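Secondary and tertiary structure notes
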Amino acid sequence: GEPLLNKSLAAMVAYARASGAVETVGITSNGALLTRERGVELIEAGLDSIRISVEHVSDAGYAKVTRKFDDYAMIVANVAALFEEKTRRGRPLQIHAKIIDVGLSAAEKQRFHDDFGPISDSRNIDSPMGWTDNAGIDWTLGQAVSTGMDGVSPLRDEIVVCPSPFKTLAINSNGDASVC
């Protein structure tokens, strides 16, 4: 779920940081609810990293993907405000923007880099995940993927276990923990 729906998110981040039980605290957000005020709360709470999942680089593309939301400029403005606040405060928060290439044109890919390059510490255009041992299910939306998410590493059919549970723990919006 979207972590910014949780009104207690900053308190949860601060609690996790103060616990000494974790090395880093990071979240993934679509950025729609990332107001300047929420960003400042997260910076002050000690958030280490935020990954912004960009759905498209135009209002029409957003509307097509999300079927509701259609304000790309707002996403860019929200991330820009967060970047400005973390820079102004001298905080080490890492902002990573990523988009999945599901048929993006060269111009759309360039727009992503142009828009998010100045307002993020890193960015990536991911390939659709070509899950190994997929039992014939096309999780790539017809993109015929032959590499992992980095777009370079070949798929390895012998891998049948997801590595995420061994390195990541997700806290859902209702407080439940899930491994993936």
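See the structure shown above.
This one's a predicted model, so the numbers in the text were calculated from it and none came from an experiment.

Okay, the side chain of Lys86 next. Structurally, Lys86 can be placed in helix H4 (residues 72-89). Excluding residues that lie within four positions of it along the chain, Lys86 makes contacts with Ile43, Arg91, Leu93, Ile95 and Asp121.

This paragraph deals with helix H2 (residues 36-45). Among all positions of H2, only Arg38, Gly39, Val40, Leu42, Ile43 and Ala45 are buried. Contact partners of the buried residues in H2: helix H1 (9-19), strand S1 (26-29) and H4. Gly46 sits one or two residues past H2 and shows a positive phi near 100°.

Another point: the pattern of salt bridges. Per the counting criterion, the structure on display carries 11 salt bridges. Arg89 serves as the salt-bridge partner of Glu44, at 3.5 Å between the closest nitrogen and oxygen. Taken together, the residues Glu44 in helix H2 and Arg89 in helix H4 connect sequence positions 45 residues apart. When the shortest N-O distance is used, the salt bridge between Arg88 and Glu85 registers 2.7 Å. Of the two residues, Arg88 and Glu85 are both situated in helix H4; the distance of 3 residues between them amounts to about one turn of the helix. Its relative accessible area of 5% is what places Glu85 among the buried residues. Each of the salt bridges in this network shares a partner with another, and the network as a whole consists of Arg36, Glu44, Glu84, Glu85, Arg88, Arg89 and Arg91.

Attention shifts here to the pairing of S1. In S1, alternate side chains face the same way, and those of Ile27 and Ser29 are buried while those of Gly26 and Thr28 on the opposite face are not. Where S1 lies against strand S2 (residues 49-54), 4 bridges are found, and the strand directions are parallel. Bridge pairing in S2 links Gly26 to Ser49. Read as a crossover between parallel neighbours, the route from S1 over H2 to S2 is right-handed.

In this section: H4. Between the first and last C-alpha of H4 there are 26 Å, a value that for 18 residues agrees with the 26 Å anticipated at 1.5 Å per step. For H4, the complete set of buried residues consists of Tyr72, Ile75, Val76, Asn78, Val79, Ala81, Leu82, Phe83, Glu85 and Lys86. Elements that come into contact with the buried residues of H4 comprise H2, S2, helix H3 (59-66), strand S3 (94-100) and helix H5 (106-116). Where H4 ends, the next residue or the one after it, Gly90, has phi of about 65°, a positive value.

Cut-offs used in this document
Here the residue index of a chain counts from 1 through its sequence in written order. With the structure being a predicted model, the display of local features is reserved for residues of pLDDT at least 70 and the display and counting of side-chain atom pairs for 80 or more, all residues being used for whole-chain, interface and lining totals. Side-chain numbers come from the whole structure's heavy atoms, not from hydrogens or water. Numbering goes from the N terminus for both helices and strands, where a helix is a DSSP run of H or I of at least four residues and a strand is a run of E of at least two. By definition, residues are in contact when any of their heavy atoms lie within 4.5 Å. Here's how the labels work: a residue is buried when its accessible area is under 20% of the maximum for its type, exposed when over 50%, partly exposed in between, all with a 1.4 Å probe on protein chains only. Salt bridges are identified by distance alone: a Lys or Arg side-chain nitrogen within 4 Å of an Asp or Glu carboxyl oxygen. Here the rule is simple: two strands pair whenever DSSP picks up at least two bridges between them. By definition, the crossover connecting two strands over a helix is right-handed if that path, from the first strand to the second, turns clockwise as seen with the strands pointing away from the viewer. Here, expected helix span is obtained from the residue count minus one, scaled by 1.5 Å.

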